[in-house]
Amino acid sequence: MVFLAYAFFSHGITPPENYIRTLKLASKISFLPYSFSAVLFSLIAFSLYVPITSFVIYESFEKTQCLEVIYFAAFLIGCLLECMRFFVPLFELWKSYSAFLMFIGNSVITGRLLCVLSLLFASLFSETEQRQNAERNFVILLSASVICGFLVPLNTTQTTSTCMVLWGYRNVFFVIRLSLFLAAVSVLIVNAIRKSSKDLRYTAVGVTLLYIGYSFLCSADNYVYFILGSVLLIAGTFMYLHSIHRLYMWH
C-alpha cells in the first residue's frame, strides 16, 4: 500500500489508454464521470481493509472456534487479489501482450469467485457437525475458485476502466456470481426463520451489505462508487462479524 501511494503521488502510474467502462449505466450518467484516482483509491481501500479486518477477527474470535471466520478468511484473500490490478497501470501492461497480464486477470477473477463462494460456504457449512469437514471444505473452496478462475478466457487487447483486462462470458460470469450470492443469503434467511434467530437475520443483512459494498468497490471507476462501496463494505463487515460473534457468545 505504501508503494502504491508513493507511485501515485510521484506520478509514476499511467492510466490505461482506450479503456472500456464495463458498466454502461455509469457512462451515461453525468454525475458518475470516470476518475482514475477513484480506481486507485478503491485498490488502497482493499489493501487497508484486509489487514485491519484480519486484526479485528484475530482479537474478537481468538478464543472461539467459529467456522464462519474460516470461510471469511477466503473472502479476505479474494479482496487482496483485487489489489493485483494495481500492476496494470504501474507497469503499463495494457500496451502489449504479457503473460503477467494474463496471470493478473485470472487471479482477479479467481478472487471474485472466491469471495462469493466463501459467503455461500459460510452459510451452508457453519453448523457444529461440519467442524471436522472445515479443512476439506476450505480446500474445495480454494480449488474450485482457482480452477474456474484460470479457465475463463481473457482478451488482453482490451483494458477496462478499473485496470482489468476484459474477460469472456461476462454475462454468464455475472449471473453465476449473483446466483451464488442469492443462494448464500437465502440459506441464512431460511435458517433464521427455522431457528427464530434475530442474530441470523442480522447476519443475512450484513452479508448483503458487505457483498454489495464489495461489488461497488470492484467496479469503482468514479468517486460515487468508491464512497458507496467503502461505506457499505465496512458497515456490512461490522454487522456480519458482530452478529456471528453474538451467535457464538450466546452458545
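Fair warning: this is a prediction, and the values are worked out from it, not measured in the lab.

**As for the overall build of the protein**
Reasoning step 1: A count of helices and strands for the protein gives ten helices and two strands.
Reasoning step 2: Going residue by residue from the N terminus, the α and β elements of the protein occur as α-α-α-α-α-α-α-β-β-α-α-α.
Reasoning step 3: For the protein, the C-alpha radius of gyration of 18 Å lies close to 18 Å, the compact-globule estimate for 251 residues.
Reasoning step 4: Principal axes of the C-alpha set define a box for the protein whose edges measure 55 × 35 × 35 Å.
Reasoning step 5: Looking at the protein residue by residue over its 251 residues, the buried ones come to 51%.

**Some details on the environment of Ser-219**
Reasoning step 1: Considering the arrangement of structural elements, one finds Ser-219 in the loop between helix H9 (198-218) and helix H10 (223-250).
Reasoning step 2: Placed 57 residues apart in sequence, Ser-219 and Thr-162 show a C-alpha to C-alpha distance of 6.6 Å.
Reasoning step 3: Residues within four places of Ser-219 in sequence aside, it is in contact with Leu-23, Thr-162 and Tyr-225.

**Comments concerning the confidence of the model for the protein**
Reasoning step 1: For the protein, the mean per-residue pLDDT works out to 88, and 92% of the residues sit at or above 70.
Reasoning step 2: Mean pLDDT in the protein bottoms out at helix H1 (residues 2-9), which sits at 62, and peaks at helix H6 (residues 99-124), which reaches 95.

**Notes on the nonpolar core**
Reasoning step 1: Membership of the largest hydrophobic core comes to 50 residues, with the highest contact counts inside it found for Tyr-49, Phe-72, Phe-75 and Tyr-214.
Reasoning step 2: Elements that contribute at least two residues to this core include exactly helix H3 (36-61), helix H4 (67-82), H6, helix H7 (134-151), helix H8 (170-195), H9 and H10.
Reasoning step 3: Not counting residues up to four positions away in its chain, the partners in contact with Tyr-214 are Phe-46, Phe-75, Cys-79, Glu-82, Gly-111, Arg-112, Cys-115, Arg-177 and Leu-233.
Reasoning step 4: Judged by nonpolar contacts, the second largest core, of 24 residues, contains Met-84, Val-88, Leu-93 and Leu-113.

**Brief notes about the packing of aromatic side chains**
Pairs of aromatic rings are described using the distance from one ring centre to the other and the angle between the two planes.
Reasoning step 1: Applying the stated rule across the entire model yields 18 aromatic pairs.
Reasoning step 2: Ring centres 6.3 Å apart and planes at 45 degrees place the aromatic pair Phe-41 and Tyr-223 in the tilted group. Of this pair, Phe-41 sits in helix H3 while Tyr-223 sits in helix H10, and the two are 182 residues apart along the sequence.
Reasoning step 3: Considering the side-chain rings of Phe-121 and Phe-125, the 5.2 Å spacing of their centres and the 70 degrees angle between planes classify their relative orientation as edge-to-face.
Reasoning step 4: Take Phe-125: its relative accessible area is 22%, and that puts it in the partly exposed class.

**Quick look at the packing of H6 against H9**
Reasoning step 1: Two elements in contact, H6 and H9, have axes whose closest approach is 11 Å; the angle formed by their N-to-C orientations is 175 degrees. One element, H6, and the other, H9, form an angle in the roughly antiparallel class. Within the contact between the two elements, H6 uses Gly-111, Arg-112, Cys-115, Val-116 and Leu-119 and H9 uses Val-207, Leu-210, Tyr-211, Tyr-214 and Cys-218.
Reasoning step 2: Of the residues belonging to the contact of H6 with H9, the class tally is eight nonpolar, one polar and one charged.

**Section: the pattern of salt bridges**
Reasoning step 1: This structure, assessed with the given rule, holds four salt bridges.
Reasoning step 2: Asp-199 serves as the salt-bridge partner of Arg-246, at 2.9 Å between the closest nitrogen and oxygen. Taken together, the positions of Arg-246 in helix H10 and Asp-199 in helix H9 put the pair 47 residues apart, joining distant regions of the chain.
Reasoning step 3: One continuous salt-bridge network, built from bridges that share partners, spans Glu-82, Arg-85 and Arg-112.

**Considering the packing of H4 against H9**
Reasoning step 1: Relative to each other, H4 and H9 sit at 15 degrees, their axes nearing to 11 Å. Classified by the angle their axes make, H4 and H9 are roughly parallel. Crossing handedness for the pair H4 and H9: left-handed. From H4, Phe-72, Phe-75, Cys-79 and Glu-82 reach across to H9, where they touch Leu-210, Tyr-214 and Cys-218.
Reasoning step 2: In the contact of H4 with H9, the residues fall into six nonpolar, no polar and one charged.

Reading the values: rules and limits
Residues numbered from 1 in each chain as written. Predicted model: local features only at pLDDT ≥ 70, side-chain atom pairs only at ≥ 80, totals over all residues. Heavy atoms only, no water. Helix = DSSP H or I, 4+ residues; strand = E, 2+ residues; numbered from the N terminus. Rg over C-alpha atoms; globule rule 2.2 N^0.38 Å. Buried < 20%, exposed > 50% of the residue type's maximum accessible area, 1.4 Å probe, protein only. Contact = heavy atoms within 4.5 Å. pLDDT = per-residue confidence, 0-100. Core = buried A, V, L, I, M, F, W, Y, C linked by side-chain atoms within 4.5 Å. Phe/Tyr/Trp six-rings, centres within 6.5 Å; stacked < 30°, edge-to-face > 60°. Axes fitted to C-alpha atoms, helices over the stretch in contact; angles between N-to-C directions. Parallel < 35°, antiparallel > 145°, perpendicular 65-115°, else oblique. Nonpolar A, V, L, I, M, F, W, Y, C, P; charged D, E, K, R; others polar. Salt bridge = Lys/Arg side-chain N within 4 Å of Asp/Glu carboxyl O. Left-handed = near helix turned anticlockwise from the far one by under 90°.

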